[in-house]
Amino acid sequence: MPPGNAVAIPTKDDIRARLQDVEKTFTPGTPVSSLTELVGREASLRELLSVVASPGRHAFIAGGRGTGKTSMVSCFLDCASRAAPHITCVRTNCENSSFKAIWSKVLRRTLALLGMASTQFDNVDLSCLDVEFELARMKTPLLIVFDNFEEILNPSDIVQFANLMKVISDNAVDTKLILVGSPGAATQFKRAHISVQRHLQIIPLAGLPPVKVQEFLVGRWRRCGLEIMDDALSLAMELSCGLPYSCQVVGKHAALLALSQKRSVITVADVAEAMKQVDEHFLLVSAINPAFNKRND
Ligand SMILES: Nc1ncnc2c1ncn2[C@@H]1O[C@H](COP(=O)(O)OP(=O)(O)O)[C@@H](O)[C@H]1O
Ligand SMILES: [Mg+2]
């Protein structure tokens, strides 16, 4: 905040309205789903778009918890479904399931979206060739997202996914696979089949650069009628380590603390207190993981 800037003391009604604004503005509990709310992922979105536009290529969005993988892919699907309505987009959570269970669910859902007769896959031993046959039979462009891919624990299920990626690419089936998961899962997947490397692009999600963290925090606090002291902003930027989840938590709780004391200015004490709300796991991972701090956007 520029020195000497006088900020009016908010009234009770102002405070009530601003508390509601804070709840709407900061969403640490839910992924972002609209492009206008997604900060600093332009380069990653462009990279994903170029993979989707390249025949025979598929993507793996790789990053730790809270880096914004689900948010980025949600925004991408939102844009894709509006810009290219002829593409059918399907999204699933892997949830510790097998290749067969995941694909039974995805194929059933895709057939339903296309208004095609449903097939019962539960009792058949669904191989990667069966899946490829079903996808080709649909004769329509498909974009299929598998979120939380690291939850597939059985290596033979991962190998089946890798085989399928190769078969889909080799047979020019009009289906794009977007896998989303931890960096470890991306590496494991890449090693699952020798020729997957030709078809797969890993898109790493690193931390947001400082300029984007600043844009996010200052811009959103202003939306709630709040300003921030310079030293408080520096502390928030340092402690959040560029992790979108931490930015959301600090942004929200520092704002709530200031408003609870009827202030329009966020102080160092608010930021320090708000930081206690960030799950220690996130802080530890972002502080010690050099790949995370190597910002790529
Ligand atoms: N680019 C971004 N801009 C603003 N907020 C973000 C961004 N990416 C993620 N978030 C926020 O961070 C939190 C974690 O995001 P999420 O997409 O669930 O991460 P992941 O899937 O990697 O665990 C959510 O509260 C989401 O709203
Ligand atoms: Mg996620």
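These figures come from a predicted structure and were not determined experimentally.

1. Some thoughts on the overall build of the protein chain
1) Next: Along its length, the protein chain carries 14 helices and seven strands.
2) Next: Relative to its full complement of 297 residues, the protein chain shows a buried share of 45%.
3) Next: Sequence separation of 24 or more characterises 79% of the internal contacts of the protein chain that already satisfy a separation of 6 or more.

2. What to know about the site of ligand 1
1) Next: Close to ligand 1 lie 21 residues, the nearest being Thr-27, Thr-30, Gly-66, Lys-69 and Ser-71.
2) Next: At 3.1 Å, a backbone N or O of Pro-28 approaches an oxygen atom of ligand 1.
3) Next: Within the backbone of Gly-66, a nitrogen or oxygen atom sits 2.8 Å from an oxygen atom of ligand 1.
4) Next: Protein chains bury 91% of the 560 Å² of accessible surface belonging to ligand 1 in isolation.
5) Next: Split by residue class, the shell around ligand 1 holds eight nonpolar, nine polar and four charged.

3. Concerning unusual backbone geometry
1) Next: Located in the positive-phi region is Asn-96, a residue other than glycine, with phi close to 50°.
2) Next: Relative to the helices and strands, Asn-96 resides in the loop between strand 2 (88–93) and helix 4 (99–114).
3) Next: One non-glycine residue, Ala-172, adopts positive backbone phi at about 50°.
4) Next: Tracing the chain through its elements places Ala-172 in the loop between helix 6 (155–170) and strand 4 (175–181).
5) Next: The exposed category is assigned to Ala-172, whose relative accessible area is 65%.

4. A few points about the sheet that holds strand 3 (residues 142–147)
Hydrogen bonds between backbone groups are what pair the strands of a sheet, and the pairing can be parallel or antiparallel.
1) Next: Spatially, 2-3-4-1-5 is the arrangement adopted by the five strands of the open sheet, whose pairing is parallel. The open sheet terminates on both sides in strands that have one partner only, identified here as strand 2 and strand 5 (200–204). Between one strand axis and the next, the sheet turns through 15° on average, direction left out of account.
2) Next: In this structure, strand 1 (residues 58–62) lies alongside strand 4, joined through four bridges in parallel fashion. Following the sheet pairing, Ala-62 is matched in strand 4 by Gly-181.

Rules used throughout
Residues numbered from 1 in each chain as written. Chains lettered and ligands numbered in written order. Predicted model: local features only at pLDDT ≥ 70, side-chain atom pairs only at ≥ 80, totals over all residues. Heavy atoms only, no water. Helix = DSSP H or I, 4+ residues; strand = E, 2+ residues; numbered from the N terminus. Buried < 20%, exposed > 50% of the residue type's maximum accessible area, 1.4 Å probe, protein only. Contact = heavy atoms within 4.5 Å. Near = heavy atom within 4 Å. Polar contact = N/O pair within 3.5 Å; in protein donor to acceptor, adjacent residues only side chain to side chain. Areas by Shrake-Rupley, 256 points an atom, 1.4 Å probe, with all protein chains shown as cover. Nonpolar A, V, L, I, M, F, W, Y, C, P; charged D, E, K, R; others polar. Pairing = 2+ DSSP bridges. Axes fitted to C-alpha atoms, helices over the stretch in contact; angles between N-to-C directions.

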